[in-house]
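Letter by letter, the chains look like this.
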Amino acid sequence: MEFKHDYYALLGIPADADERTIKRAYRRLARLYHPDISTEPQAAERFQQLQEAYQILMNPIQRQAFDHWRRRQGLERAHPLILRVTPSHEELPCLDEPQALYLLVEIAAPNQGKGSRPPINLCLVLDRSTSMKGARLYQVKEAARSIVDQLAPDDLLSVVTFSDRAELVLSGSHNMDKTAAKIAVGSIRSEGGTEIYQGLKLGLEQVERWHGPGVLSHLILITDGQTYGDEEQCLEAARRAGERGIPITTMGIGSDWNGKLLDEIANLSKAPGSSIYLDSTAKIQEVFRDRVQALGNTVVRDLALSIHWGQGVTVKELFRVSPEITELFLFDDRVTLGSLEMGSPQVVILELLLSPHTPGSHQLVRLAAQGTMPGADGQAVYVERNVETRFVTSLEQRKPIPSDIVSAMGKLTIFKMQQRVTHEVEAGRIESAIHRLKTMATRLLDIGETELAQVALLEAGRLEQTGSFSSEGQKKLHYGTRGLGIVPKKRP
Amino acid sequence: MIKCPFCQSVYPENTLFCVECGSYLAPSDGQSTDPLQRSNVEYGQAGGGPFKILVLSIEGRGSIELPLSKEVVLGRLDPTRAIFPDVDLSDEEGVDKGISRRHARISQRGGQVFVEDLNSLNGTFLNATRLIPEMPYPLKDGDQVQLGKLTVTVHLK
């Protein structure tokens, strides 16, 4: 007997799933892809596949035949999503007042070794305004050239530059002529102002030409200046890109660019991280290379975490702490996390506030991670975990809090302090901001971040004297504290 | 409700960190520092290891004996930052004498006792020579180790 799809993967369930699990997964996805209500592309087709999957898996004889076929096809590999939840406390005392509970949620992909990856469809959108002249543009061009070498024959690369207007330097095509591509990149000259929207628009058009479920589309935007008057258009373009599944990585060089705008573009386009701060031009090549490498390692895209909580539980705060620290917001109990790359797990910290509970075990939260696998068939993956906590009348012995949670929360707290300092400076509460910056410096020293601590002290001194931040120091602090969550990467 | 011991902000029970000042709020989970016992100790003769006991003495203040079965961290106790050195020198004018929270470490490997500076601000000196941070130096009986401005005489038994 012949089958067309891996029905387990289609339903996002393990191969040993029982009937209840199959039913539940089917109902959930059927609601999502029902042609009458769904807005997803190819909903009707997906719905049809789901029907097929359900009929076959619920019939024991057909399921056996399918299992046999699946083994022959070699589809029996590890589930592509791992969801691990560590609570700060396994046992809690019964109190007559609210108490806090932290959950460390890790979403990772198992190492599957080098499989064949779908082709990359990448567009580089490069700022060539006058301020980029010299080392900056040189390094950007070098970085673009090294990407040309990094890509496989199937991959697509286009390059767009912008100043007051946008130009297409290299148009994407299969089996790109690498020499010609490098010459085209080398011919970029710096001149003119900075209008990000022009570049973004042309860049997205280039990506759109080859965009589809079978390719890994991505856009990298790099700039060193402020754009004027077209911020709204940029955000609209980013939102559309996010809906179409084209993430935008934004990078800023130096200290004069609009970090908020670049952050928002990255977030709206559902990029895996926020904007990247390049304080020295020497980092450009490395950051480009890492980005493209990570892109090739995409294991799951459109990753989302759903959080369902019961009575007596409130989600107080939600932060991503790795690959970098970002505050997350829930829409319909769901938060989108972009794509998951092999070797770089997404880690989320959930702070819950629990109202008084009766003794005994209580199910507090159900967490579910879902996404689609890259590739032409776009299989759905789904995994869920229940979090239970035991409430006891008297705690006999306090268990130590897992060190991962303490260390993540410590870094997160520093990040939050930095956010408060920024708000205080904006609101003119300079005294309080100075005090907080100094305390922050001590905390940074405690965890061994001497360089950042010095920046914090320097900025505190500047605040005392001038009442304002230096834009460079502010960027260093913002991006530095945000990057505290990054686990140092092991170089091969 | 719990209160931050530093800035008096109020949080729900089990909160881990104070966002106002960044202090660690959770109880220290039974970690503690060995209390400094002042007693007169008779010093043994220097010789080859392995040594069982480390004796630290401060002139005019007395001595303390510690087992050398595990490493010994010298510094200043700071429960709000979850720093628990094995020997707390706060009472020896630790702050005024420039002792870091985690200042130096004494450990034994293969019968030889070493002292190592833990990147302290004001440095660790062995017989008046400043140590390169995070590099273990061999210690012998009767050596003088200076932490910031505080001199400690080391005896091995």
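Description of the structure in this document. Note that the structure is a prediction, hence the values are computed from the model and not measured.

### Here we look at the overall build of chain A
Right, on to step 1. Counting secondary structure elements, chain A contains 14 helices and 16 strands.
Right, on to step 2. Its C-alpha atoms give chain A a radius of gyration of 25 Å, near enough to 23 Å, the size a compact globule of 492 residues would have.
Right, on to step 3. The principal-axis extents of the C-alpha atoms in chain A amount to approximately 70 × 60 × 45 Å.
Right, on to step 4. Counting the 492 residues in chain A, one finds 52% classified as buried.
Right, on to step 5. When the accessible surface of chain A is summed, it comes to about 23100 Å², and 49% of that surface belongs to carbon and sulfur atoms.

### Focus: the sheet that holds strand β5 (residues 72–75) of chain B
All names here are of chain B.
Right, on to step 1. Taken together, five strands build an open sheet; the order of strands is β6-β5-β7-β8-β11 and the sheet is mixed. Each edge of the sheet is formed by a strand with only one pairing partner; in this case those strands are β6 (87–88) and β11 (137–139).
Right, on to step 2. In terms of strand pairing, strand β8 (residues 112–117) meets β11 through three bridges, oriented antiparallel. Each residue of the ladder has a partner; that of Phe-114, found in β11, is Pro-138.

### Re the packing of helix α5 (residues 135–150) of chain A against helix α6 (residues 178–186) of chain A
All names here are of chain A.
Right, on to step 1. Their axes nearest at 9 Å, the elements α5 and α6 cross at an angle of 170 degrees. Classified by the interaxial angle, the pair formed by α5 and α6 is roughly antiparallel. Contact residues: Lys-141, Ala-144, Arg-145, Val-148 and Asp-149 in α5; Lys-178, Ala-181, Lys-182, Val-185 and Gly-186 in α6.
Right, on to step 2. The class makeup of the residues in the contact of α5 with α6 is four nonpolar, one polar and five charged.

### Section: the interface of chain B and chain A
Right, on to step 1. The interface of chain B with chain A comprises 20 residues on the first partner and 27 residues on the second.
Right, on to step 2. Carbon and sulfur atoms make up 55% of the area that chain B and chain A hide from each other, which totals about 2000 Å².
Right, on to step 3. Looking at the side of chain B facing chain A, the largest losses of area belong to Asn14(B), Leu16(B) and Val19(B), adding up to 32% of the total buried there.
Right, on to step 4. Taken together, chain B and chain A are joined by three salt bridges.
Right, on to step 5. Put simply, Glu20(B) and Arg436(A) hold a salt bridge, and the shortest N to O gap is 3.2 Å.

What counts as what
- Residues numbered from 1 in each chain as written.
- Chains lettered and ligands numbered in written order.
- Predicted model: local features only at pLDDT ≥ 70, side-chain atom pairs only at ≥ 80, totals over all residues.
- Heavy atoms only, no water.
- Helix = DSSP H or I, 4+ residues; strand = E, 2+ residues; numbered from the N terminus.
- Rg over C-alpha atoms; globule rule 2.2 N^0.38 Å.
- Buried < 20%, exposed > 50% of the residue type's maximum accessible area, 1.4 Å probe, protein only.
- Areas by Shrake-Rupley, 256 points an atom, 1.4 Å probe, with all protein chains shown as cover.
- Pairing = 2+ DSSP bridges.
- Axes fitted to C-alpha atoms, helices over the stretch in contact; angles between N-to-C directions.
- Parallel < 35°, antiparallel > 145°, perpendicular 65-115°, else oblique.
- Contact = heavy atoms within 4.5 Å.
- Nonpolar A, V, L, I, M, F, W, Y, C, P; charged D, E, K, R; others polar.
- Buried area = accessible area lost by both parts, 1.4 Å probe.
- Salt bridge = Lys/Arg side-chain N within 4 Å of Asp/Glu carboxyl O.

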